[in-house]
Amino acid sequence: MKKILVTNLKPGMILAEDVLTPRGQLLFEAGTPLDKRVISRLRFYNLTFVSVDDVISGILQETPKEDGTLAATEILPPPEQTPAPEEPKMPVPKKTAPATESAPQIAAMPTSSTIEDTTDGTVLPQEIEDSLRLLSFQSTYADCAVALQGIFHKITSTSEPVTQLDLEAIALSLYDPTLPSAEFFTLFHALRAPADPIYTHSLNVSMLCRYLGRWLHFSEEDQLCLSVCGLLHDIGKLLIPDDILQKPGQLTDEERAIVRRHPLMGFQLIKDLKLDARVKKSVLMHHERSNASGYPYGRGPTEVHPFAQAVAIADVYDATTSKRSYRSAFCPFTVISAFEQGGVERYNTQFLIPFLENIAYTYQKHRVMLNDGRPGEIVMFNRSQFSRPILRLVDGTFLDLSGTEDIWIQSVM
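Keep in mind the model is a prediction, meaning the values are calculated, not measured.

Caption draft 1: Quick look at unusual backbone geometry. Along the chain, Tyr295 connects to Pro296 via a cis peptide bond; the corresponding omega equals 15°. With respect to the helices and strands, Pro296 occurs in the loop between helix H11 (277-285) and helix H12 (306-321). Positioned with a positive phi, Ala292 is a non-glycine residue whose angle comes to about 65°. Here Ala292 shows up in the loop between H11 and H12. Accessibility expressed as a relative area gives 32% for Ala292, which makes it partly exposed. You will see that Lys365, though not glycine, has its phi angle at about 75°, which is positive. Accessibility expressed as a relative area gives 40% for Lys365, which makes it partly exposed.

Caption draft 2: Geometry of the nonpolar core. Leu203, Leu232, Phe339, Phe355 and Ile359 are the most contacted members of the largest nonpolar core, which has 91 residues in total. Excluding residues that lie within four positions of it along the chain, Leu203 makes contacts with Tyr141, Cys144, Ala145, Leu148, Ile170, Leu174 and Leu231. Membership of the second largest hydrophobic core comes to 15 residues, among which are Leu9, Leu15, Leu27 and Leu34.

Caption draft 3: Quick peek at the sheet that holds strand S12 (residues 409-412). Spatially, the five strands line up as an open sheet ordered S11-S10-S9-S8-S12, and their pairing is antiparallel. Of all the strands in the sheet, the pair left with one neighbour each is strand S11 (398-400) and S12. Along the sheet, successive strands turn relative to each other by an average axial angle of 45°, direction set aside. By the bridge criterion, five bridges tie strand S9 (residues 375-382) to strand S10 (residues 385-393) in an arrangement that is antiparallel. Along S10, the bridge assignment pairs Ile378 with Leu391. Along the sheet, helix H13 (residues 332-346) makes contact with S9, S10 and S12, crossing S10 at roughly 140°. Strands in contact with helix H14 (residues 349-361) are S9 and S10; relative to S10, the strand with the most contacts, it is inclined by about 15°.

Caption draft 4: Representation of the pattern of salt bridges within the structure. Scanning the entire structure with this criterion turns up twelve salt bridges. A salt bridge links Lys271 to Asp272, with the shortest nitrogen-to-oxygen separation between them at 3.6 Å. Arg374 is the salt-bridge partner of Asp372, the closest N and O atoms lying 2.8 Å from each other. Classification of Asp372 by relative accessible area gives partly exposed; the value is 39%. Bridged by salt links that share partners, the residues Asp222, Asp276 and Arg278 form one connected network.

Caption draft 5: Layout of helix H6 (residues 197-215). Under the 1.5 Å per step criterion, the end-to-end length of H6 is 26 Å for 19 residues, consistent within 8% with the ideal 27 Å. Of all the 19 residues making up H6, 18 are buried; the element is thus mostly covered by neighbouring parts of the structure. Positive backbone phi, approximately 65°, marks His217, located one or two places after H6.

Caption draft 6: A look at the confidence of the model for the protein chain. Per-residue confidence for the protein chain averages 80 on the pLDDT scale, and 78% of its residues sit at or above 70. Overall, residues 55-115 carries pLDDT values under 50, and its contacts beyond four positions in sequence, including any with other chains, amount to 133 contacts. Low pLDDT (under 50) marks residues 117-123, which in the prediction has nine contacts with non-local residues, meaning those over four places away or in another chain.

Caption draft 7: Summary view of the pairing of strand S5 (residues 49-53). Burial within S5 is extensive, with four of its five residues counted as buried. Bridge count for strand S2 (residues 14-15) against S5 is two bridges, and the pairing is antiparallel. Within the sheet, the bridge partner assigned to Leu15 lies in S5 and is Val52.

The rules behind these values
- Residues numbered from 1 in each chain as written.
- Predicted model: local features only at pLDDT ≥ 70, side-chain atom pairs only at ≥ 80, totals over all residues.
- Heavy atoms only, no water.
- Helix = DSSP H or I, 4+ residues; strand = E, 2+ residues; numbered from the N terminus.
- Buried < 20%, exposed > 50% of the residue type's maximum accessible area, 1.4 Å probe, protein only.
- Core = buried A, V, L, I, M, F, W, Y, C linked by side-chain atoms within 4.5 Å.
- Contact = heavy atoms within 4.5 Å.
- Pairing = 2+ DSSP bridges.
- Axes fitted to C-alpha atoms, helices over the stretch in contact; angles between N-to-C directions.
- Salt bridge = Lys/Arg side-chain N within 4 Å of Asp/Glu carboxyl O.
- Expected span 1.5 Å × (residues − 1).
- pLDDT = per-residue confidence, 0-100.

The structure is reproduced here in structure tokens:
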């Protein structure tokens, strides 16, 4: 924290203390990120000094060395611009239009070698509901949620030190390297618990990040670090009032602006902890997008750390396929379709395509319900449209959803 002349303020700084008007009224709260609008208001009131944390100037951005490891260089300063508009909501197929109408074709599809085997060891949901493996997984998951809550409490409310090893212990407990992807995701899909969304969402994103790193052939060390990024990415939401986070209706512009502060607030919480710099950048940048439509700074793809780009995909997938107080969960195939239609512009396609491909294949042999009420079983995927596979219907006939105009998967059974 430091005192600085208002005339020297720059976007990218954060107010370290509440700012009052000359009449003693609250103008801006501590933690408010500075942009051109905020700076203009501060100058309008003829204030001389304010206390700020220049959080951006100290962030390190790793770049690959010749040996493949990461070296640290300074990140670019924040652009002088207002925050980008809110990311569009997940689209839902319309009954009056083709489910994949105008969906862009994804170029450079990966080869089948990028997909893990999902046939050997696959266990269907109805066969595991009462299994010891599921009970054990749920117990471990619950223990990890409690442990993560304790760590978050230390970070937000105490001076007790938290290290990378503390978080790695949770990430390691969530991951069984001997478990095939298909079997893990059968267990994962069975969780979908809506309680304590910050903690359960953090655990879910951590697990998704671990498998994404695995599918991308990251080293074991980088997979573990990426899963820690997932654990901490939303810690800033602990500073957002519950009545905003759990509001059943639409947020006001002011409430939405408060929620959009959570990457900066989360970074401020952890910036002095002994954590890998990639974790800190993922907390700060996981809402940035490849087309510069994200926040808090509207960065382009070359300015956003790859780990943050990976966390962004896992974050959106889990958030949209999970139930929230203000909406029901989206069907995974609705989310996959939305990624196919608009995700190519907003996310790193080198990460997105393997993620969609492998996630889709975890539903191989699962039973689904179509929007016209017919049940079916997924038997094969169309590599150009993972959201529209080939189904075997109850009468033994096959239906290729890529060739239909108004039929889509409404739910996974």
